[in-house]
Amino acid sequence: MSRIEAVNDFVIKFANVNGSGSASANELFARAVLRMGVPVSPRNIFPSNIQGLPTWYELRVCEAGWLGRRGGVDLMVAMNPQTWAADLKEIEPGGYLFYDSTKPPESLRPDVHAIGMPLTAICNGTYEDPRQRTLYKNIMAIGALAELMSVELDVVEKLLAEQYRGKEKLLDGNVRALKAGASFAREHLAETHPVGLKVRRADAVGDRIFAEGNAATALGMVYGGATVCAWYPITPSTSVAEAFSAYCKQYRNDPEGGKRHAIVQAEDEIAAIGMILGAGWNGARAFTATSGPGISLMTEFLGFAYFAEVPLTIVNVQRGGPSTGMPTRTQQADLLACAQAGHGDTQHVLLFPEDPRECFDMAADALDLADRLQTPVMVMSDLDIGMNQRLCRPFEWDDARRMDRGKLLTSEDLEAGKEFARYKDLDGDALAYRTLPGTHPKLGSYFTRGSTHNARAEYSERGDDYQYIADRLVRKMQTAARLAPQPQLRAAARPTRLGVLYFGSTSPAMDEALALLAAQGLHLDACRVRAYPFADSVGAFIEAHDTVFVCEQNRDAQCRQLLIAQFEPDPRKLKRLLHFDGTPITARFIAQRITQQVLEIASQP
């Protein structure tokens, strides 16, 4: 039987049940490989319901540095009988199955190398506490895998020491379980059941950091000057607000311990956006974090903020929809809902981060853009970025950075006679001047309304007044396209009339897919979109190619719809490349679908 053999280049997947303590054990393995200087990219797949349901932890180990999902599994750690059959199917031919052999397996595959270890029997004979039996079983498995795959055991021990610092009893128990697993593997498995997947110490991580997208977003909000957060708990965005609260305790308290921030858990999403709307109108930098169902509830206030031109920042950590959908699965399916949230003619600014570093940067950028543009700005993260740890460039904190408050008139400006007409374009960029409440005792006041108004904020139902405001808002979005993060364009190694356009969490898988395609002789220029409304260069990219594959993780090709609406290209030029089963897109999927479609195009008369 063939055997997969690889050093620092494989995929291992842990199948377990929620609430069993497997998550911390799996992360321990990932961090140990990372400490050995080998890049890793983990993805935690967990249920949205009670404990006891299936959960998976997929770990990509890749010294070459690819951080997207590859597709396929080289070693499956099958600890959950409920999912045995499905887990077994995922293993690549010649791969490995590590399982608890206390109970005979339901079935095996002749093209997979099975490695059984009686974990339950060992733990039952060692520990009396049922909880310890469950928790230490996972640590024993990590010890065995470390022995079989050449993961340095002292690195794992050091990580445990850091995790349980000051909790010596817990540390001792975990270390004993770890060593027991390694000892069993050394004595009973190493020679009879060798594993061809090895970890070898390297120096491929560099100065990159291991960060989670939601925490990075929260820190970016602090960096950007946010002092107010109103939110309602919803998966997968809750940890944004929780992390922001933790960072504010560190960075938003004065020396005497007084708070210089306000964090409110509202009664629902409607209240949450209402609070940050009021805070933004009053001059504070404020944001809320939510997901798709929350955006649905926030729509009326989003339309109000767009028409009344009030700064407002939202973090949307997208999940599977529609309706309740798949709360703990990832998608990029809120583009249309967010870009056009509100009845009537409405358009919003969207930012698309690709990793935790861009979550940090774009959180701060969003606050600046909301003030500059006086409009809602949404950071379109997703569960894959938000709730998983990823290697990324270190965050850059510049103490010299100053907040861009936009066209904000001061009391001195008003005293000097500077013209103030709240909704009038005085400079040709479609951005009006605003004042904050209390700026001047007599000058600069206006009535904020969601009903139709003229350039001086006076109520009006005149058609020409309405059209002036509506047309200026369109031109303001054109200004937004110039101010927002610009797309990243990448030319292929050879001239080509084929292009691919993508955004957000698709990025790491796309990077690898383009390399796979190029190795096969199929070259594509690439455009990573970073904001909507799209920059003019995106339209130029489409124009320059005969075929552009628009790759997105939703069913309805939502980005493609927005591209057609803005640039009006021949729709046949934009080919759909869609992935929407709730799992992160893989490099193999992208490469196979592009190859298939190119062959189909070539076969047409």
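Computed from a predicted structure; not experimentally measured.

Undergrad: Would you mind showing me how to read the nonpolar core here?
TA: Nonpolar side chains in soluble globular proteins generally cluster together in the buried interior. Of all hydrophobic cores here, the largest spans 61 residues; its most connected members are Leu351, Leu501 and Leu563. If we ignore the near neighbours within four places in the chain, the residues touching Leu563 are Leu501, Phe534, Val538, Ile542, Val550, Glu568, Pro569 and Leu574. Counting residues in hydrophobic clusters, the runner-up holds 59 residues, among them Ala141, Ala146, Leu171 and Leu189.

Undergrad: Just to check I follow, could you spell out the sheet that holds strand 4 (residues 54-62) for this structure?
TA: Within a sheet, adjacent strands bond to each other through the backbone by hydrogen bonds, running parallel or antiparallel. Here we have six strands laid out as an open sheet, ordered 3-4-2-5-6-7, and mixed in their pairing. Each edge of the sheet is formed by a strand with only one pairing partner; in this case those strands are strand 3 (40-45) and strand 7 (113-117). Neighbouring strand axes in the sheet, compared pairwise and without regard to direction, differ in orientation by 15° on average. The strands touched by helix 4 (residues 130-149) within the sheet are strand 2 (9-17), strand 5 (73-78), strand 6 (91-100) and strand 7, with strand 2 carrying the most contacts at an inclination of about 165°.

Undergrad: Would you take a moment to explain helix 6 (residues 168-188) for this structure?
TA: Because each turn of an α-helix spans 3.6 residues, side chains separated by three or four positions end up pointing in the same direction. Its 21 residues give helix 6 an end-to-end C-alpha distance of 30 Å, which sits within 8% of 30 Å, the value for a rise of 1.5 Å per residue. Within helix 6, the full set of buried residues consists of Leu171, Gly173, Asn174, Val175, Ala177, Leu178, Gly181, Ala182, Phe184 and Ala185. Looking at the packing, one finds that the buried side of helix 6 touches strand 7, helix 3 (119-126), helix 4 and helix 5 (153-163).

Undergrad: Sorry, what's going on with the pairing of strand 6 here?
TA: Along any regular strand the residues' side chains alternate between the sheet's two faces. Among the ten residues of strand 6, eight are classified as buried, and the element is accordingly described as predominantly covered. Here strand 5 pairs with strand 6 via five bridges, running parallel. In the strand pairing of strand 6, Ala78 is matched with Tyr99. Following the chain from strand 5 across helix 2 (residues 84-90) to the adjacent parallel strand 6, one finds a crossover that is right-handed. By the bridge criterion, five bridges tie strand 6 to strand 7 in an arrangement that is parallel. Each bridged residue has a counterpart across the sheet, and for Asp100 the counterpart in strand 7 is Met117.

Undergrad: Can you walk me through helix 1 (residues 22-35) in this structure?
TA: The end-to-end C-alpha distance of helix 1, which contains 14 residues, comes to 20 Å, matching closely the 20 Å that a straight helix rising 1.5 Å per residue would cover. Once helix 1 ends, the next one or two residues include Gly37, with phi positive near 85°.

Undergrad: Help me understand the packing of aromatic side chains in this model?
TA: Two numbers describe a pair of aromatic rings. These are the distance of the centres and the angle of the planes. Per the stated rule, a full pass over the model turns up 15 aromatic pairs. Relative to Phe503, the ring of Phe352 lies with its centre 5.1 Å away and its plane at 50°, an arrangement referred to as tilted. Here Phe352 is found in the loop between strand 14 (349-351) and helix 12 (356-373), whereas its partner Phe503 is found in strand 18 (residues 498-503), with 151 residues between them in sequence. By the burial criterion, Phe352 is buried, and Phe503 matches it. Taken together, the ring pairs in this structure connect Tyr223, Tyr251, Phe360, Phe395 and Trp397 into an aromatic cluster.

Undergrad: Is there a simple way to explain the sheet that holds strand 17 (residues 488-490) in this structure?
TA: Read across the open sheet, the five strands follow the order 17-19-18-21-22; overall the sheet is mixed. Looking at the sheet topology across the chains shown, the edges are occupied by strand 17 and strand 22 (574-578). Across the sheet, the mean angle separating the axes of adjacent strands is 20° when strand polarity is ignored. Of the pairings in the sheet, the one linking strand 21 (residues 547-552) to strand 22 comprises five bridges and is parallel in character.

Undergrad: Sorry, what's going on with the environment of Asp425 here?
TA: Tracing the chain through its elements places Asp425 in the loop between helix 14 (411-415) and helix 15 (463-483). As for Asp425 and Pro485, which are separated by 60 residues in sequence, their C-alpha atoms are 24 Å apart. In contact with Asp425, not counting residues within four places along its chain, are Ala430, Leu431, Tyr468, Arg472 and Arg475. Only 2.8 Å separates the side chain of Asp425 from the backbone nitrogen of Gly428, close enough to count as a polar contact. One polar contact links the side chain of Asp425 to the main-chain amide nitrogen of Asp429, over a distance of 3.5 Å.

Undergrad: Would you take a moment to explain the environment of Arg462 for this structure?
TA: Structurally, Arg462 can be placed in the loop between helix 14 and helix 15. Expressed as a C-alpha distance, the spacing of Arg462 and Thr452, which sit ten residues apart in the sequence, is 8.6 Å. Separated by 2.7 Å, the side chains of Arg462 and Asp464 make a polar contact.

Undergrad: What is the right way to read the side chain of Arg70 from this model?
TA: For Arg70, the position within the fold is in the loop between strand 4 and strand 5. Among all residues touching Arg70, those that are not within four sequence positions of it are Phe10, Val11, Arg60, Glu92, Glu512, Thr586, Ala587 and Arg588.

Undergrad: What is the right way to read the packing of helix 12 against helix 15 from this model?
TA: Geometrically, a packed helix pair is captured by the angle between its two axes and the distance between the axes. One way to put it is that helix 12 packs onto helix 15 with a least axis distance of 11 Å and a crossing angle of 150°. Relative to helix 15, the element helix 12 lies roughly antiparallel. As for the relative orientation of helix 12 and helix 15, their crossing is right-handed in sense. Across the interface between the two elements, Leu369, Arg372 and Leu373 from helix 12 touch Lys476, Thr479, Ala480 and Leu483 from helix 15. Of the residues contributing to the contact of helix 12 with helix 15, the split by class is four nonpolar, one polar and two charged.

Undergrad: Explain the packing of helix 7 (residues 213-223) against helix 12 here, please?
TA: Contact pair helix 7 / helix 12: the axes reach a minimum separation of 7 Å and the direction vectors enclose 35°. The two elements helix 7 and helix 12 cross, and the hand of that crossing is right-handed. Residue-level contacts link Gly213, Ala216, Thr217, Leu219, Gly220, Met221 and Tyr223 of helix 7 to Pro356, Cys359, Phe360, Ala363, Ala364 and Leu367 of helix 12. Residue composition of the contact of helix 7 with helix 12, by class: ten nonpolar, three polar and no charged.

Undergrad: Sorry if this is basic, but what is going on with the environment of Val205 here?
TA: Secondary-structure assignment places Val205 in the loop between strand 8 (197-198) and strand 9 (209-212). Considered as a pair, Val205 and Val40 are 165 residues apart in the sequence and their alpha carbons are 9.0 Å apart. When sequence neighbours within four positions are dropped, the list of residues in contact with Val205 reads Leu34, Gly37, Val38, Pro39 and Leu391.

Undergrad: In this structure, what is going on with the pairing of strand 2? I would like to understand it.
TA: Judged by how many residues are buried, strand 2 sits mostly within the fold: seven of nine residues are covered. The pairing of strand 2 with strand 4 spans nine bridges and is antiparallel. Across the sheet, residue Asn16 finds its bridge partner in strand 4, namely Thr55. With four bridges joining them, strand 2 and strand 5 adopt parallel strand pairing. Within strand 5, the position partnered with Lys13 by the bridge is Met76.

Rules used throughout
Residues numbered from 1 in each chain as written. Predicted model: local features only at pLDDT ≥ 70, side-chain atom pairs only at ≥ 80, totals over all residues. Heavy atoms only, no water. Core = buried A, V, L, I, M, F, W, Y, C linked by side-chain atoms within 4.5 Å. Buried < 20%, exposed > 50% of the residue type's maximum accessible area, 1.4 Å probe, protein only. Contact = heavy atoms within 4.5 Å. Pairing = 2+ DSSP bridges. Helix = DSSP H or I, 4+ residues; strand = E, 2+ residues; numbered from the N terminus. Axes fitted to C-alpha atoms, helices over the stretch in contact; angles between N-to-C directions. Expected span 1.5 Å × (residues − 1). Right-handed = clockwise from strand over helix to strand, strands pointing away. Phe/Tyr/Trp six-rings, centres within 6.5 Å; stacked < 30°, edge-to-face > 60°. Polar contact = N/O pair within 3.5 Å; in protein donor to acceptor, adjacent residues only side chain to side chain. Parallel < 35°, antiparallel > 145°, perpendicular 65-115°, else oblique. Left-handed = near helix turned anticlockwise from the far one by under 90°. Nonpolar A, V, L, I, M, F, W, Y, C, P; charged D, E, K, R; others polar.

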